Amino acid sequence: MQVVETPVKLDSQVPAGRLQDKWDTYKDYVKLVSPANKRKRTILVVGTGLAGGSAAATLAGLGYNVKSFCIQDSARRAHSIAAQGGINAAKNYPNDGDTIWRLFYDTIKGGDYRSREANVYRLAQVSNNIIDQAVAQGVPFAREYGGLLDNRSFGGAQVSRTFYARGQTGQQLLLGAYQAMSQQIEEGNIEMKARREMLDLVVIDGRARGIITRNLVTGVIERHLGDAVLLCTGGYGNVYYLSTNAKNSNVTAAWRCFKRGAYFANPCYTQIHPTCIPVSGEYQSKLTLMSESLRNDGRVWVPNDSNDTRPPSQIPENERDYYLERRYPSFGNLVPRDVASRAAKKECDDGRGVGETKLAVYLDFADAIKRLGKQAVEDRYGNLFEMYERITGENPYKVPMRIFPAVHYTMGGLWVDYELQSTIPGLFVLGEANFSDHGANRLGASALMQGLADGYFVIPYTLGGFLAGVPMNDDVTTDHEAFAATEQEALERINRLLSIKGDKTVTEFHRELGQIMWDHVGMARNRKGLEEACKSIAALREEYWQNVRVPGVNETFNKNLEFAARVADFLELGELMARDALHREESSGGHFREEYQTPEGEALRNDEDFAYVAAWEYTGDHANPTLHKEELEFEYVKPTTRSYK
């Protein structure tokens, strides 16, 4: 497949100086906006998860006028609420040797050396501030006997740096941000727009100036003007149909921005989480995550004999293979997610999977219960065990959990520089919606860290630096021709979907797309499969616009219409993901090309040819996108073969 490249150099805007000093130097010299002028600026924040909620609350508290847009009926229902296991920070409360540098290094290494050093170090620097902020908000982190906040281990680290609130950490952190938002709403600094979906970005004179939204209850199309747009809309894992994401999670806002000129970076970098409840049938519309924290005390195993169908309690120790402990003695069950996922897939491919489908492995807590006692295990994981039993009907205190990898997080997203600004001036992208600090694989408990770092501690500085350099009080209003034209395009797209009146439902198309993506752009990829995926998705997309059936009308609450527009964008995104995976002829992190692996089956990077961020530029609906490269320079960390043995 042809890849159109350009020699244009992407400027990451990373400050000069020592790595440890870059963020402080930036803050020392960035331009500021006076309190009086902040009141004259309107910021549009799309999304109310951890990134959007924290950004909206912080910017409003600084004096900006903020409009916050929520796709749900309440900001409390953002998908961040589903995060379970914890949030990383380098507090070193256990006194086990953790430092900011170690958190930085583990994150770079965990991402398989495919992320920007300066951004990752900044993330590690501000991690401690996040914990202080959350505690001040009343987030009920677990505490140890002496009263200090407790920590537990997560994959990819040999220290305990993960702060947690049982298995509800995302929910509790989101409530903290929501309370801060609610205060600003009460004070009149945030105008809350619930049940609104962003349909498009309005660009005027090369700068992001507004958005077009649809009221999901009435169908009314609305125009919103701002001095800057902050996109905080999460990831695109639902392109696979089955994922751990909420069904409302989608790529539409980011994809509209891509089509307006924002580059899309590393779209093929998707994370397969190793600890999910296995698929049980075609009736399912999503999958359920079981927190990675369970791997602290649960041991992963399969029977030695692929023909062994006895209940797990009847299989003696000497006939079990604790394969993660065997293959990775240094990290054992706490290897990073991409490593654990591929290892589980290999065991199942070799015929040693368990359960009716043979697409599962055991996560066993018998040893932990014997060592710690049932009450201690219940105190740590009780709500997770309860959730598992409700879904499967099996009691994990008595029988091992059955788990299998599932699509969870996306490391790819819109390209941003050090200031979190996209290639469209005035469009800033926070949290999972940007191509992030996680490289080719995210370590567990780092998503919450990045979302809150971006919202609470990064964007208040970088946005001010941008706004200080653009004029105030221009004569642009929502009557501008760019608003009218963008709104008309959004309406035409809606009307086109409603007018097709085909024979297949949106769900049928989405399920077909998801199967193509899982088979060919999933845990393991190869050239033949990726080329087939590109052709199959293109054909499916053409059929979609000729044969999809979208009942109802626009001028009302219409979930079919909502999902139809989102699946249309997923079809285009899926093709770009396959194209990106095809051009990257190496294995790195969550991107595993079968042609590029070590004799032991581990990922084999090609630093000479692929140590860059792949940023794709939209050139037309039926034209090949253009590839731009941001070369990654490793001045402080030497890329080595990633080993957890």
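Residues numbered from 1 in each chain as written. Predicted model: local features only at pLDDT ≥ 70, side-chain atom pairs only at ≥ 80, totals over all residues. Heavy atoms only, no water.

**Considering the overall build of the chain**
Link 1 in the chain: Helices and strands together make up the secondary structure of the chain, namely 17 helices and 22 strands.
Link 2 in the chain: Along the three orthogonal principal directions, the C-alpha set of the chain runs to about 75 × 60 × 50 Å.
Link 3 in the chain: Per-residue burial for the chain yields a buried fraction of 61% across its 645 residues.
Link 4 in the chain: Partitioning the intrachain contacts of the chain with sequence separation of at least 6 by distance along the chain shows that 74% fall at a separation of at least 24.
Link 5 in the chain: Summed over all atoms, the accessible surface of the chain reaches about 24,500 Å², with 47% contributed by carbon and sulfur.
Link 6 in the chain: Computed over 75 positive and 84 negative side-chain charges, the separation of the two mean positions in the chain equals 3 Å. (Helix = DSSP H or I, 4+ residues; strand = E, 2+ residues; numbered from the N terminus. Buried < 20%, exposed > 50% of the residue type's maximum accessible area, 1.4 Å probe, protein only. Contact = heavy atoms within 4.5 Å. Areas by Shrake-Rupley, 256 points an atom, 1.4 Å probe, with all protein chains shown as cover. Lys, Arg positive; Asp, Glu negative; His and termini not counted. Charge placed at Lys NZ, Arg CZ, Asp CG, Glu CD.)

**Some words on the nonpolar core**
Link 1 in the chain: Residues Ile87, Leu230, Leu231, Leu427 and Tyr544 are the most contacted members of the largest nonpolar core, which totals 181 residues.
Link 2 in the chain: The leading source of residues in this core is helix α16 (residues 559-583), at 13 residues.
Link 3 in the chain: When residues are assigned to domains, this core turns out to be shared by domain 1 (272-407) and domain 2 (481-610), each giving three or more.
Link 4 in the chain: With sequence-adjacent residues up to four places away left out, Tyr544 is seen in contact with Leu497, Ile500, Val506, Phe509, Ala564, Val567, Ala568 and Leu571.
Link 5 in the chain: With 6 residues, the next largest nonpolar core counts Tyr322, Val354, Ala360 and Tyr362 among its residues. (Core = buried A, V, L, I, M, F, W, Y, C linked by side-chain atoms within 4.5 Å. Domains from an automatic or database assignment.)

**Some words on the domain arrangement of the chain**
Link 1 in the chain: Its domain assignment divides the chain into domain 1 (272-407) and domain 2 (481-610).
Link 2 in the chain: Between domain 1 and domain 2, the C-alpha centre-to-centre distance is 30 Å.
Link 3 in the chain: Domain 1 puts 11 residues into the contact, and the matching count from domain 2 is 10 residues.
Link 4 in the chain: Contact between domain 1 and domain 2 buries roughly 860 Å² in total, counting both sides, with carbon and sulfur atoms accounting for 61%. (Buried area = accessible area lost by both parts, 1.4 Å probe.)

**Details of the pattern of salt bridges**
Opposite charge on two side chains permits them to pair, given that their charged atoms come into close proximity.
Link 1 in the chain: In this structure the tally under the stated criterion is 54 salt bridges.
Link 2 in the chain: Of the charged contacts, one joins Asp569 and Arg493 as a salt bridge, the two residues approaching to 2.7 Å between their closest N and O atoms. Taken together, the residues Asp569 in helix α16 and Arg493 in helix α13 (residues 481-500) connect sequence positions 76 residues apart. For the pair Asp569 and Arg493, a shared accessibility class is recorded, and that class is buried.
Link 3 in the chain: Beyond isolated ion pairs, a larger network of salt bridges with shared partners links Asp112, Arg114, Asp338, Arg342, Arg584, Glu586, Arg605, Asp607 and Arg642. (Salt bridge = Lys/Arg side-chain N within 4 Å of Asp/Glu carboxyl O.)

**Quick word on unusual backbone geometry**
Link 1 in the chain: Its identity as a non-glycine residue notwithstanding, Asp112 has a phi of 55°, on the positive side.
Link 2 in the chain: Within the secondary structure layout, Asp112 lies in the loop between α4 (100-110) and α5 (117-137).
Link 3 in the chain: One non-glycine residue, Lys358, lies in positive phi territory at about 65°.

**Structural notes on the sheet that holds strand β9 (residues 221-225)**
Link 1 in the chain: One open sheet accounts for 3 strands, arranged β7-β8-β9; its pairing is antiparallel. Strands with a single pairing partner mark the edges of an open sheet, and in this sheet they are β7 (196-204) and β9. Direction aside, the axes of adjacent strands within the sheet are offset by 25° on average. (Pairing = 2+ DSSP bridges. Axes fitted to C-alpha atoms, helices over the stretch in contact; angles between N-to-C directions.)

**Here's the deal with the state of the cysteines**
Link 1 in the chain: With the rule as written, the count across this model stands at 0 disulfides.
Link 2 in the chain: Free cysteine Cys268: the closest other cysteine sulfur is in Cys534, separated by 12 Å. (Disulfide = S-S within 2.5 Å.)

**Considerations on the packing of α13 against helix α15 (residues 527-547)**
Link 1 in the chain: Following both chains from N to C, one finds α13 and α15 inclined at 80°, their axes separated by 7 Å at the closest point. Judged on the interaxial angle alone, α15 and α13 are roughly perpendicular. Across the interface between the two elements, Arg493, Arg496, Leu497 and Ile500 from α13 touch Tyr544, Trp545, Gln546 and Asn547 from α15.
Link 2 in the chain: Broken down by class, the residue content of the contact of α13 with α15 amounts to 4 nonpolar, 2 polar and 2 charged. (Parallel < 35°, antiparallel > 145°, perpendicular 65-115°, else oblique. Nonpolar A, V, L, I, M, F, W, Y, C, P; charged D, E, K, R; others polar.)

**Details of the sheet that holds strand β18 (residues 427-429)**
Link 1 in the chain: Read from one edge to the other, the open sheet built from 5 strands follows the order β6-β3-β2-β10-β18, with strand pairing classed as parallel. Of all strands in the sheet, those bounded by a partner on one side alone are β6 (190-194) and β18. Direction aside, neighbouring strands of the sheet carry axes that sit 20° apart on average.
Link 2 in the chain: Taken together, the 4 bridges between strand β2 (residues 42-46) and strand β10 (residues 228-231) define a ladder with parallel strand orientation. For Leu44, the partnering residue across the bridge sits in β10 and is Val229.

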